[in-house]
Structures are given as C-alpha cells and as structure tokens.
Amino acid sequence: MDNKTREMTKMALMVALNCISAYIIIPLPFSLSPIALQTLIVNLTGYVLNAKQAAMTMAAYLLIGLAGVPVFTGGSGGPGKLFGPTGGYLFGFAVVAVVLAYTRQKEYNFLRYALWGCLFGVPCIYAFGVVQLQLVTNMGWSKAVMTGALPFIPLDIVKCCAAAYIAGPINRIFRS
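Residue numbering note: each chain is counted from 1, following its sequence as written. A pLDDT threshold of at least 70 governs which residues receive local features in this predicted model, and a stricter bar of 80 or more applies before side-chain atom pairs are shown or counted, although totals over entire chains, interfaces and linings include all residues. For the side-chain quantities, the full set of heavy atoms in the structure was used; hydrogens and water were omitted.

1. A short note on the overall build of the protein
Okay, so step 1: Labels follow the DSSP assignment, with helices taken as runs of H or I lasting at least four residues and strands as runs of E lasting at least two, numbered in each case from the N terminus. Across its full length, the protein holds 8 helices and 2 strands.
Okay, so step 2: The N-to-C order of helical and strand elements in the protein reads α-β-β-α-α-α-α-α-α-α.
Okay, so step 3: To get the radius of gyration, use the C-alpha atoms; to get the globule rule, take the number of residues to the power 0.38 and multiply by 2.2 Å. For the protein, the C-alpha radius of gyration of 16 Å lies close to 16 Å, the compact-globule estimate for 176 residues.
Okay, so step 4: Taken over the C-alpha atoms alone, the protein extends approximately 50 × 35 × 25 Å along its principal axes.
Okay, so step 5: Residue contacts are defined here by distance: any two heavy atoms, one from each residue, within 4.5 Å place the two residues in contact. At a minimum sequence separation of 6, the contacts of the protein that also span at least 24 residues come to 68%.
Okay, so step 6: Per element, the accessible surface of the protein, about 8500 Å² overall, is 73% carbon and sulfur.
Okay, so step 7: Distance between charge centroids for the protein: 5 Å, based on 12 positive and 4 negative side chains. Reported accessibility uses the Shrake-Rupley method at a 1.4 Å probe radius. Residues are deemed covered only where the shown protein chains occlude them. When charges are counted, Lys and Arg contribute as positive and Asp and Glu as negative, whereas His and the chain ends are disregarded. By convention, the charge on Lys lies at NZ, on Arg at CZ, on Asp at CG and on Glu at CD.

In structure tokens:
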C-alpha cells in the first residue's frame, strides 16, 4: 500500500470510528451528556494521525454531523446538536485530537500518550463542554461542572489509557 493510500485509510478509519463510537452510550438521568466511547476514539485519533490529518479527520466528522447525518452522540446530528447544550464537547474533541497529534512524537510511548490524554485531553474536552453547557442552559457553573464533567472523569481516564495502549499496535500495523 502506498503512503497516500495508507494515510487516507487511517483518516477514513478514524472518521468511521468516531461516528460509530457516538452510538455506544450509557445515558445518565442527571446529565444532558451520556457516557460515550468517543473520548477513547478522539484520543486514538491524536495518537495515530499527524496534526494536519487529525484536524481534517475531526473537521470531516463535525461537518458530517452539522449536515444532519446522525453521527453525534446517541444518533443525533445537525446544527442544533453542535450548537446546543452538549456541542462544546464536540468542539473539545477536535481541539484535543489535533493537540495530541501535534505533541505525540514519532516513537510510541504509552506513558507519554496516557499522561497527555489524561492531563490535557480530558480537562480540555470538559472545558469546552462545560462552558457551552453553562452558556446555552444558563445553569450555574457548579451545576454545569457537577453534571457535565465530574461524573465522567474516572471512566475517561480509563478510556485515555486504553487509547494509549491500542495506539501502539495500530501504529505498528500502519507502518508495515
């Protein structure tokens, strides 16, 4: 497989995985945001693509959803979802994937990947998500943090570590 084909295949795979992961959710009765598998895939996108590819991949995902294709959490799509109470998480996903890709370096390193995902990625996603949640709903900041971030932190840390682990074999496969 030539290099261009390999790169396009990786990007298409990450767009598809992002779309699929949005359907794998556990709704929480006290929150507008469900637990979703997307954090794992967003981190993985940053760990297997370079920054330009991650940006194009996440832009494609957001544009597909903005056009109304049901690729956002729980099978939703359209501008109402992207600019609604939980749309900030989607913008955070894009930023995190690009920054992780930019900082990942050539050599795979599980610890570096996991730490970047946990110490930068998770807080960044929550910052975008909680800010938009608060601005759109006018709920208090403490309630926005309590319902839009805190319940998700433990599992998101696990998902960051899982993505860091999975990135090693995926990078080896695409290098061969």
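2. Comments concerning helix 2 (residues 38–48)
Okay, so step 1: Type-normalised accessible area, obtained with a 1.4 Å probe on protein chains alone, sets the label of each residue: buried when under 20%, exposed when over 50%, and partly exposed for intermediate values. For helix 2, the buried fraction is high: 11 of the 11 residues fall into the buried class.
Okay, so step 2: Taken together, the buried residues of helix 2 touch helix 1 (3–21), strand 2 (35–36), helix 3 (51–66), helix 5 (87–103), helix 6 (110–137) and helix 8 (153–175).

3. Section: helix 1
Okay, so step 1: The span you would expect from a helix comes to 1.5 Å times its residue count less one. Given a rise of 1.5 Å per residue, 19 residues ought to cover 27 Å, and the 27 Å separating the end C-alpha atoms of helix 1 matches this to within 8%.
Okay, so step 2: Of all the residues in helix 1, the buried ones are Arg6, Glu7, Lys10, Met11, Met14, Val15, Asn18, Cys19 and Ser21.
Okay, so step 3: Tucked into the core, helix 1 has its buried residues touching helix 2, helix 3 and helix 8.
Okay, so step 4: N-cap assignment for helix 1: the residue whose side-chain oxygen lies 3.3 Å from the backbone N of Lys4 is Asp2. What qualifies as a polar contact is a pair of N or O atoms within 3.5 Å, subject to a donor-acceptor requirement within protein and to the restriction that residues adjacent in sequence count only when both atoms come from side chains.

4. A few points about the packing of aromatic side chains
Okay, so step 1: For this analysis, a ring pair means two rings from Phe, Tyr or Trp (six-membered ring only for Trp) whose centres lie within 6.5 Å, classed as stacked if their planes differ by under 30 degrees, edge-to-face if by over 60, and tilted for the remaining angles. One pass over the full model with this rule turns up 5 aromatic pairs.
Okay, so step 2: Considering the side-chain rings of Tyr61 and Phe72, the 5.6 Å spacing of their centres and the 75 degrees angle between planes classify their relative orientation as edge-to-face. In this pair, Tyr61 sits in helix 3 while Phe72 sits in the loop between helix 3 and helix 4 (79–82), placing the two residues 11 residues apart along the sequence.
Okay, so step 3: By relative accessible area, which is 0% here, Phe72 ends up buried.
Okay, so step 4: Centroid distance Tyr108 to Tyr113: 5.2 Å. Interplanar angle 90 degrees. Geometry classified as edge-to-face.

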